[in-house]
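These are the residues of each chain, in order.
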Amino acid sequence: MSRSTHRLTVAQALVRFLAAQHTERDGVRHRLIAGTWGIFGHGNVAGIGQALLEAGEDTMPFHQGRNEQAMVHAAVAHARHLNRLSAQAVTTSIGPGATNLVTGAALATINRLPVLLLPGDYFATRVADPLLQQLEHPVEADVSVNDTLRPVSRFFDRITRPEALIPAALQAMRVLADPVETGAVTLALPQDVQAEAYDWPAEFFAERIWRVRRPAPEPAELAAAADAVRAARRPLLVAGGGVHHSEAERALREFAEATGVPAASTQAGKGSLRHDHPADLGGIGHTGTSVADDLARTADLVIGVGTRYSDFTTASGTLFQHPDVRFVNLNVTAFDAHKLSARTLVADARAGLEALTGALSGHRVDAEYEAEYGAGKERWERVVDAAYRADDEHAVPTQTQVLGALDAVVGDEDVVINAAGSLPGDLHKLWRARSPRQYHLEYGYSCMGYEIPAAVGVQQAAPGTPVWALVGDGTYLMMPTEIVTAVQERLPVKLVLIQNHGYASIGGLSEQTGGERFGTAYRYRAADGTFTGDPLPVDLAANAASLGMDVLRAKTVGELREALAAARASDRPTCVHVETDPATGAPGAQAWWDVPVAEVASREAATRAREAYERRVVDRRRHL
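*Asks:* How should the overall build of the chain be read in this particular structure?
*Replies:* A count of helical and extended segments in the chain gives 24 helices and 23 strands. Against the globule reference of 25 Å for 624 residues, the chain gives a C-alpha radius of gyration of 25 Å, in line with a compact fold. The buried share among the 624 residues of the chain stands at 57%. Pairs at least 24 residues apart make up 77% of the contacts formed inside the chain by residues separated by at least 6 positions.

*Asks:* Help me out: how do you make sense of the sheet that holds strand S22 (residues 550-554) in this one?
*Replies:* In any sheet, the strands associate via hydrogen bonds between backbone groups, in a parallel or an antiparallel arrangement. Read across the sheet, six strands follow the order S19-S18-S20-S21-S23-S22 without closing on themselves; strand pairing throughout is parallel. Strands at the two margins of the open sheet, each flanked by one partner only, are strand S19 (439-441) and S22. When strand polarity is set aside, the average angle formed by the axes of neighbouring strands in this sheet is 20°. Pairing geometry for S22 and strand S23 (residues 574-579), over five bridges, is parallel.

*Asks:* Just checking my understanding: could you explain the pattern of salt bridges for this structure?
*Replies:* Evaluated as defined, the whole model comprises 36 salt bridges. Between Arg608 and Glu604 there is a salt bridge, with its nearest N and O atoms 2.9 Å apart. Highlighted residues: Arg608 and Glu604, both in helix H24 (residues 604-617), separated by four residues, approximately one helical turn. Glu604 gets classed as exposed once you look at its relative accessible area, which sits at 57%. One connected set of salt bridges, linked through shared partners, spans Glu24, Arg29, Glu207 and Arg211.

*Asks:* Help me out: how do you make sense of the sheet that holds strand S17 (residues 343-346) in this one?
*Replies:* On the basis of which strands lie adjacent, the open sheet formed by six strands has the order S14-S13-S12-S15-S16-S17 and parallel pairing. Whereas interior strands pair on both sides, the edge strands pair on one side only; in this sheet they are strand S14 (280-283) and S17. For this sheet the average axis-to-axis angle between neighbouring strands, irrespective of direction, equals 20°. Sheet analysis places strand S16 (residues 326-331) next to S17, joined by four bridges and oriented parallel. Its bridge partner lying in S17, Leu330 is registered against Leu345. The sheet strands contacting helix H14 (residues 349-359) are strand S12 (235-239), strand S15 (301-305) and S16, and the helix crosses S16 at an angle near 130°.

*Asks:* Explain the side chain of Ser510 to me, please; I cannot follow it from the model alone.
*Replies:* Mapped onto the elements of the fold, Ser510 is located in helix H21 (residues 504-512). Exposure remark for Ser510: the relative accessible area of 10% places this residue in the buried category. A distance of 2.9 Å separates the side chain of Ser510 from the backbone nitrogen of Arg517, its partner in a polar contact. Setting aside anything within four residues of it in sequence, one finds Ser510 in contact with Gly515, Glu516, Arg517 and Phe518.

*Asks:* Sorry, what's going on with the pairing of strand S3 (residues 28-31) here?
*Replies:* Consecutive residues of a regular strand have side chains that alternate between opposite faces of the sheet. Pairing of strand S2 (residues 21-25) with S3, which is carried by four bridges, proceeds in the antiparallel orientation. The residue bridging Arg25 from the neighbouring strand is Val28, located in S3.

*Asks:* I'm lost on H21 in this one. Help?
*Replies:* A turn of α-helix holds 3.6 residues, and therefore any two residues three or four places apart point the same way. Listing the buried residues of H21 in full gives Gly507, Gly508 and Ser510. In an axial view of H21, the angular spread of the buried residues amounts to 160°, which keeps them on one side of the axis. Looking one or two residues beyond H21, the residue adopting positive phi is Gly514, at roughly 90°.

*Asks:* Would you mind showing me how to read the packing of helix H3 (residues 68-81) against helix H5 (residues 101-110) here?
*Replies:* The relative placement of two packed helices comes down to the angle between their axes together with the axis-to-axis distance. In the contact formed by H3 and H5, the axes pass within 7 Å of each other and the chain directions differ by 20°. Between H3 and H5, the crossing angle belongs to the class labelled roughly parallel. Read as a crossing pair, H3 and H5 show a hand that is right-handed. The residues of H5 that touch H3, namely those facing Glu68, Gln69, Val72, His73 and Val76, are Leu101, Thr103, Gly104, Ala105, Leu107 and Ala108. When grouped by side-chain class, the residues that make up the contact of H3 with H5 number six nonpolar, four polar and one charged.

*Asks:* Explain the nonpolar core to me, please; I cannot follow it from the model alone.
*Replies:* For soluble globular proteins, the rule of thumb is that nonpolar side chains tend to be buried together. Ranked by size, the top nonpolar core spans 80 residues in total, and within it Leu237, Ile284, Leu353, Trp431, Trp468, Leu470 and Leu564 carry the most contacts. Ranked by residue count, the leading element in this core is helix H15 (residues 367-388), at six residues. Excluding residues that lie within four positions of it along the chain, Trp468 makes contacts with Leu406, Val409, Val410, Asp414, Val415, Val416, Ile417, Lys494, Val496, Leu564, Ala567 and Arg568. The next biggest cluster of nonpolar side chains, apart from the first, holds 45 residues, and it includes Val72, Leu101, Ala419 and Leu540.

*Asks:* Before we go on, may I ask you to explain helix H23 (residues 557-569) in this structure?
*Replies:* The end-to-end C-alpha distance of H23 is 19 Å, a good match for the 18 Å that 13 residues give at a rise of 1.5 Å each. Within H23, the full set of buried residues consists of Val557, Gly558, Leu560, Ala563, Leu564 and Ala567. Packing partners of the buried residues in H23 comprise helix H16 (399-409), strand S20 (467-472), strand S21 (494-499), S22 and S23.

*Asks:* What's the story with the packing of aromatic side chains in this structure? I'm lost.
*Replies:* Two measures describe an aromatic ring pair: the distance that separates the ring centres and the angle between the ring planes. Summed over all chains, the structure comprises twelve aromatic pairs. Where Tyr503 meets Tyr522, the ring centres are 5.0 Å apart and the plane angle is 80°; that geometry is what we call edge-to-face. Of this pair, Tyr503 sits in the loop between S21 and H21 while Tyr522 is found in the loop between H21 and helix H22 (540-546), placing the two residues 19 residues apart along the sequence. When its relative accessible area of 29% is taken as the criterion, Tyr503 is described as partly exposed. Centroid distance Trp592 to Tyr613: 5.6 Å. Interplanar angle 50°. Geometry classified as tilted. With Trp592 in the loop between S23 and H24 and Tyr613 in helix H24, this pair connects stretches of sequence that are 21 residues apart. Classification of Trp592 as buried rests on a relative accessible area of 10%. What makes Tyr613 buried here is its relative accessible area of 10%. Among the aromatic residues, those joined into a cluster by ring pairs are Phe17, Tyr198, Trp200, Phe204 and Phe205. Taking the ring centre of Phe205 as reference, the NZ or CZ of Arg16 above it sits at 5.3 Å.

*Asks:* Which parts of the structure should I look at to understand the pairing of S21?
*Replies:* A large share of S21 lies buried, amounting to six of its six residues. Taking every second residue as pointing to the same face, both faces of S21 are buried, with Lys494, Val496 and Ile498 on one and Leu495, Leu497 and Gln499 on the other. As paired elements, S20 and S21 share five bridges and run parallel to each other. Across the sheet, Trp468 pairs through a bridge with Lys494, a residue of S21.

*Asks:* What's the story with unusual backbone geometry in this structure? I'm lost.
*Replies:* Negative phi is the rule for most residues except glycine; trans is the rule for most peptide bonds. Between Asp129 and Pro130 the backbone carries a cis peptide bond, its omega angle lying at 0°. By the element assignment, Pro130 lies in the loop between strand S7 (115-121) and strand S8 (155-158).

*Asks:* Looking at this structure, I do not really get the packing of helix H1 (residues 10-19) against helix H6 (residues 165-177). What am I missing?
*Replies:* Across the interface, H1 lies against H6 with an axial gap of 11 Å and an inter-helix angle of 30°. As for how H1 packs across H6, the hand of that crossing is right-handed. Contact with H1, carried on its side by Val10, Ala13, Leu14, Phe17 and Leu18, involves Leu165, Ala169, Leu170 and Met173 of H6 and no other residues of that element. Of the residues assigned to the contact of H1 with H6, the class counts are nine nonpolar, no polar and no charged.

Definitions and cut-offs
Residue indices begin from 1 for each chain and proceed along its sequence in written order. In keeping with the model being predicted, local features are shown solely for residues with a pLDDT of at least 70 and side-chain atom pairs are shown and tallied solely at 80 or more, while totals for entire chains, interfaces and linings include all residues. Side-chain metrics rest on all non-hydrogen atoms present in the structure, leaving aside hydrogens and water. Put simply, DSSP marks the helices as runs of H or I at least four residues long and the strands as runs of E at least two long, and each gets a number from the N terminus on. In this treatment the radius of gyration is a C-alpha quantity, and the globule benchmark scales as 2.2 Å times the residue count to the 0.38 power. The classification of residues rests on relative accessible area computed with a 1.4 Å probe and restricted to protein chains. Under 20% of the type maximum is buried, over 50% is exposed, and intermediate values are partly exposed. Here, residues are in contact when the closest pair of their heavy atoms is within 4.5 Å. DSSP-based pairing: two strands are paired if at least 2 bridges between them are found. Lines fitted to C-alpha atoms define the axes here, with helix axes fitted over just the stretch in contact, and angles between the N-to-C directions of these axes take values from 0 to 180 degrees. Note on definitions: salt bridges are taken to be side-chain nitrogens of Lys or Arg within 4 Å of carboxyl oxygens of Asp or Glu. Counting of polar contacts relies on pairs of N or O atoms within 3.5 Å, with two restrictions inside protein: one atom must be capable of donating a hydrogen and the other of accepting it, and residues adjacent in sequence are counted only when both atoms are side-chain atoms. Taking the helix axis as origin, the arc is that swept by the directions to the C-beta atoms. For classification, angles of less than 35 degrees are called roughly parallel, those exceeding 145 degrees roughly antiparallel, those between 65 and 115 degrees roughly perpendicular, and all remaining angles oblique. Helix crossings are classified by the rotation of the near helix relative to the far one: an anticlockwise turn of less than a right angle makes the crossing left-handed, while a clockwise turn makes it right-handed. Here the term charged refers only to Asp, Glu, Lys and Arg, the term nonpolar to Ala, Val, Leu, Ile, Met, Phe, Trp, Tyr, Cys and Pro, and the term polar to all other amino acids, Gly among them. Nonpolar core, defined: a set of buried Ala, Val, Leu, Ile, Met, Phe, Trp, Tyr and Cys residues in which side-chain atoms within 4.5 Å join the residues together. Every helix has an expected span of 1.5 Å times one less than the residues it contains. The pairing test for Phe, Tyr and Trp rings, Trp by its six-membered ring, is centres within 6.5 Å, and the orientation test on the planes gives stacked under 30 degrees, edge-to-face over 60, and tilted for anything in between. Each ring is checked for a lysine NZ or an arginine CZ that lies within 6 Å of its centre and within 35 degrees of its normal; such an atom marks a charge sitting over the ring.

By themselves, these observations are geometric and do not establish any function.
Below, the structure written as structure tokens:
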């Protein structure tokens with residue numbers, strides 16, 4: 001019996017295969033690989049590049065990037081906005097193109113977000129050895145620079161023969177579509193193999209659906225979790241990014257309204273409840289609100305939903321201080337569910353919350369507890385009002401007043417993106433999230449340079465949605481390259497560029513830890529060799545304009561409000577540039593973060609910082 005085959009190159013077969021892959025959850029189908037980002041070099045131009053050209057835009061949309069790391073950021077942001085149900089691929093040449101993927105891959109895997117990486121690789125046949133950009137290893141001849149992607153990938157394979165693509169591609173899709181396994185997936189493609197022809201079985205190109213399941217909790221685990229909640233007098237729920245990925249926001253709201261259990265959120269989970277919901281306490285941990293952190297210190301039960309408990313969430317193990325505190329962790333990933341010696345509820349976040357709400361039918365926390373956190377929430381709202389308030393329209397705005405002005409402009413549908421610097425702390429404490437997708441903070445890797453390409457990725461995922469990238473000058477200088485992509489694709493992203501002449505966040509941390517802000521200001525060298533001279537005459541607004549953006553310069557609070565409104569109304573990529581008053585106006589940290597300080601030092605600042613460190617570190621505990 002003859003089998004139907006198609007004679008294609010490896011690259012052509014891969015593109016055709018990817019175009020036929022879909023995910024499905026709750027009966028809704030999504031294209032698994034929605035498009036491919038690429039920068040071409042000798043390692044992929046005649047392989048994947050030719051295959052994409054031959055396939056055409058209807059089969060596989062192509063997006064032209066400017067920086068390989070930025071392409072991964074855009075793809076990751078796209079996947080996050082679409083609840084991990086759709087991803088994008090990224091193709092690069094060998095050498096620096098491939099190693100530039102590593103940072104983006106780490107970000108994807110740490111944040112449990114899918115992206116498919118397709119770097120070129122050296123000749124599998126070794127006929128050209130060494131070739132341009134090849135790393136020659138004197139002991140392990142099969143090592144290439146792509147092996148740097150192994151520790152940051154959830155699945156890695158090198159396709160050294162055409163037929164090896166079939167099992168590798170299927171495994172790659174399985175990992176990308178599985179919420180337990182997902183992250184960066186790498187298929188390294190030797191450039192000669194990309195161009196090699198093979199007779200592929202027709203079945204390889206059949207439409208394939210990867211169903212994203214909603215596993216329900218095991219009955220015994222559910223019963224134990226419900227018993228723990230019933231026994232608790234001061235339970236607190238911590239909402240992580242898994243709430244969003246599972247689209248469990250409604251289930252969380254119904255749980256909170258049925259039980260009265262309040263909810264605080266991690267950076268990834270913020271917006272799980274609307275900011276004005278009575279049970280929403282805002283952010284938790286080092287960058288959290290006072291009401292959330294005060295309740296965390298006295299909670300006798302912490303219910304973690306879709307969180308991996310980073311050190312910012314736990315305040316480096318110092319936050320949950322009740323002597324008898326216990327944890328119930330609802331997570332689709334057992335690895336995260338078992339953290340902090342918790343009772344586990346290994347399940348999909350939505351399915352688990354719905355089951356737990358049902359198991360707790362008739363149970364509610366004491367009215368006094370609800371009144372306590374309600375009063376705390378009201379007090380914190382006054383703190384936010386004060387930080388946002390700007391009474392003088394002619395004054396230079398502080399950073400928190402910039403957020404206040406933006407808060408007055410955005411609608412429920414807007415998306416606000418940030419990742420690094422001092423803004424994540426201010427946003428986590430102060431931003432009033434109005435919808436599940438509005439608050440988009442990448443804080444698993446806190447990668448400078450994420451914001452602008454991420455805005456491009458989100459804008460692709462949500463055409464017609466106002467998308468804002470909030471960046472400081474440090475982040476902007478890291479990676480402004482995808483401004484050109486936004487201009488090329490006519491994507492009306494909005495960039496709020498806050499210039500404060502240095503690494504403000506790390507400058508503050510340096511001061512607190514005895515580093516005296518060393519190496520954190522953007523200034524000329526002074527006579528003593530330190531960077532304490534005049535500010536550098538860097539015009540970032542002019543740079544953004546030179547890359548094709550419309551630029552609005554705002555020097556006062558009043559001008560800022562007008563510029564933000566104009567940017568939101570614009571159908572072109574638009575930058576609002578503002579220099580801020582160094583007086584931040586932000587409330588201080590409500591919980592500690594462990595950054596070790598020099599144990600011995602000759603400078604007084606470091607000595608004092610060490611004394612303060614030793615007073616705080618004693619609060620750290622292990623939950624066993």
